[in-house]
Amino acid sequence: PAVAGLIINWIGIGYIAGREIAKRCKPGEGPSNKVQFVMGVPTSALDLYMINGFKQALDEVGGIEIVSQQAAAYDPTKARSITASVLQQHPDLCGSFGVWDSMDTGTGAAIKEAGKSDQVFVVTSGAGAATACEKIREGLWDMEIAWDARLQGTALNVVISDALQSETEAGAETRRFFTPNRIITREN
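Keep in mind the model is a prediction, meaning the values are calculated, not measured. (Residues numbered from 1 in each chain as written. Predicted model: local features only at pLDDT ≥ 70, side-chain atom pairs only at ≥ 80, totals over all residues. Heavy atoms only, no water.)

## Overview of the packing of helix H1 (residues 10-25) against helix H2 (residues 45-61)
- Following both chains from N to C, one finds H1 and H2 inclined at 35°, their axes separated by 6 Å at the closest point. The crossing of H1 and H2 is right-handed. Residues Trp10, Ile11, Ile13, Gly14, Tyr15, Ala17, Gly18, Arg19, Ile21 and Ala22 of H1 form the contact with H2, whose own contacting residues are Leu46, Tyr49, Met50, Asn52, Gly53, Phe54, Gln56, Ala57, Leu58, Glu60 and Val61.
- Along the lines of polarity and charge, the residues of the contact of H1 with H2 split into 14 nonpolar, 5 polar and 2 charged. (Axes fitted to C-alpha atoms, helices over the stretch in contact; angles between N-to-C directions. Helix = DSSP H or I, 4+ residues; strand = E, 2+ residues; numbered from the N terminus. Left-handed = near helix turned anticlockwise from the far one by under 90°. Contact = heavy atoms within 4.5 Å. Nonpolar A, V, L, I, M, F, W, Y, C, P; charged D, E, K, R; others polar.)

Okay, structure coming up:
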């Protein structure tokens, strides 16, 4: 059977987040050109891929400053504390991107508590669970870039079924399936 992998496009998620934040925070557009990036851990591959895509999108626009890039260990309490500190240092913060929606409940809470929900555009990523829609409705986030966990499960089952029915020698093929991202906002 073929070797197969389901891959989430982490660089693409970071790029989309950067593009959306850049629209709102480029010089002359938002309250400032200051943004933050809240990562899980600095050695995580997905965090590193996301920051790569994020920075690429910001660099394409130019003039946007990442004033904070800190790790919250995927902990909403730490994300909240980091964001509260960033808002004290940069009360004109324009955008925030975090790598995981569960962690970013803390990010969104700090922004909401500071009365900056209308000022700071908050983007997170996750599997697109119903709770994402709830958090967007509550005003904790403005956007979630979701990978579709259900689609990944379906694709995995197809790959397994194909492998079990295939006469191809083990390891003879390698397949990669990039699952598409879905953007969730108040509008949808």
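## Focus: the pairing of strand E4 (residues 95-98)
- Taking every second residue as pointing to the same face, both faces of E4 are buried, with Gly95 and Phe97 on one and Ser96 and Gly98 on the other.
- Pairing of strand E2 (residues 34-39) with E4, which is carried by 4 bridges, proceeds in the parallel orientation. Residue pairing across strands places valine 35 opposite glycine 95, the latter belonging to E4.
- Pairing of E4 with strand E5 (residues 121-126) involves 3 bridges; the strand directions are parallel. If you follow phenylalanine 97 over to E5, its bridge partner there is valine 123.
- You can see the chain leave E4, run along helix H4 (residues 101-113) and come back into E5, and the turn it takes is right-handed. (Buried < 20%, exposed > 50% of the residue type's maximum accessible area, 1.4 Å probe, protein only. Pairing = 2+ DSSP bridges. Right-handed = clockwise from strand over helix to strand, strands pointing away.)

## Quick look at the state of the cysteines
- One pass over the full model with this rule turns up 1 disulfide.
- In this model, cysteine 25 is linked to cysteine 94 through a disulfide, with the two sulfur atoms separated by 2.1 Å. With the S-S dihedral at roughly -90°, the linkage between cysteine 25 and cysteine 94 falls on the left-handed side. Note that cysteine 25 is positioned in helix H1 and cysteine 94 in the loop between helix H3 (76-89) and E4, a separation of 69 residues in sequence. Each member of the pair, cysteine 25 as well as cysteine 94, carries the same accessibility label: buried. (Disulfide = S-S within 2.5 Å.)

## A closer look at the side chain of glutamate 144
- Counting through the fold element by element, glutamate 144 comes out in strand E6 (residues 143-147).
- An unpaired buried charge is present at glutamate 144: no salt bridge exists, and arginine 182, the closest side chain of opposite charge, is 6.6 Å distant.
- Engagement of the side chain of glutamate 144 in a polar contact is seen with the backbone nitrogen of glycine 128, the distance being 3.1 Å.
- Excluding anything up to four places from it in sequence, glutamate 144 contacts Asp101, Thr124, Ser125, Gly126, Ala127, Gly128, Ala129, Ala132, Ile136, Arg182, Ile183 and Ile184. (Lys, Arg positive; Asp, Glu negative; His and termini not counted. Salt bridge = Lys/Arg side-chain N within 4 Å of Asp/Glu carboxyl O. Polar contact = N/O pair within 3.5 Å; in protein donor to acceptor, adjacent residues only side chain to side chain.)

## Things to note about the pairing of E5
- Extensive coverage of E5 is indicated by the burial of 6 of its 6 residues.
- Burial along E5 is two-sided: the face carrying Phe121, Val123 and Ser125 and the face carrying Val122, Thr124 and Gly126 are both buried.
- Strand direction decides the pairing type here: E5 and E6, joined by 4 bridges, are parallel. If you follow glycine 126 over to E6, its bridge partner there is alanine 146.
- Regarding the hand of the β-α-β motif, the stretch spanning E5, helix H5 (residues 130-138) and E6 is right-handed.

## Let's talk about unusual backbone geometry
- A positive phi angle is found at alanine 73, which is not glycine, with a value near 55°.
- Note that alanine 73 resides in the loop between strand E3 (65-71) and H3.
- Look at tyrosine 74: it is not a glycine, yet its phi comes out positive at around 60°.
- Mapped onto the elements, tyrosine 74 comes out in the loop between E3 and H3.
- Overall, the relative accessible area of 25% leaves tyrosine 74 in the partly exposed class.

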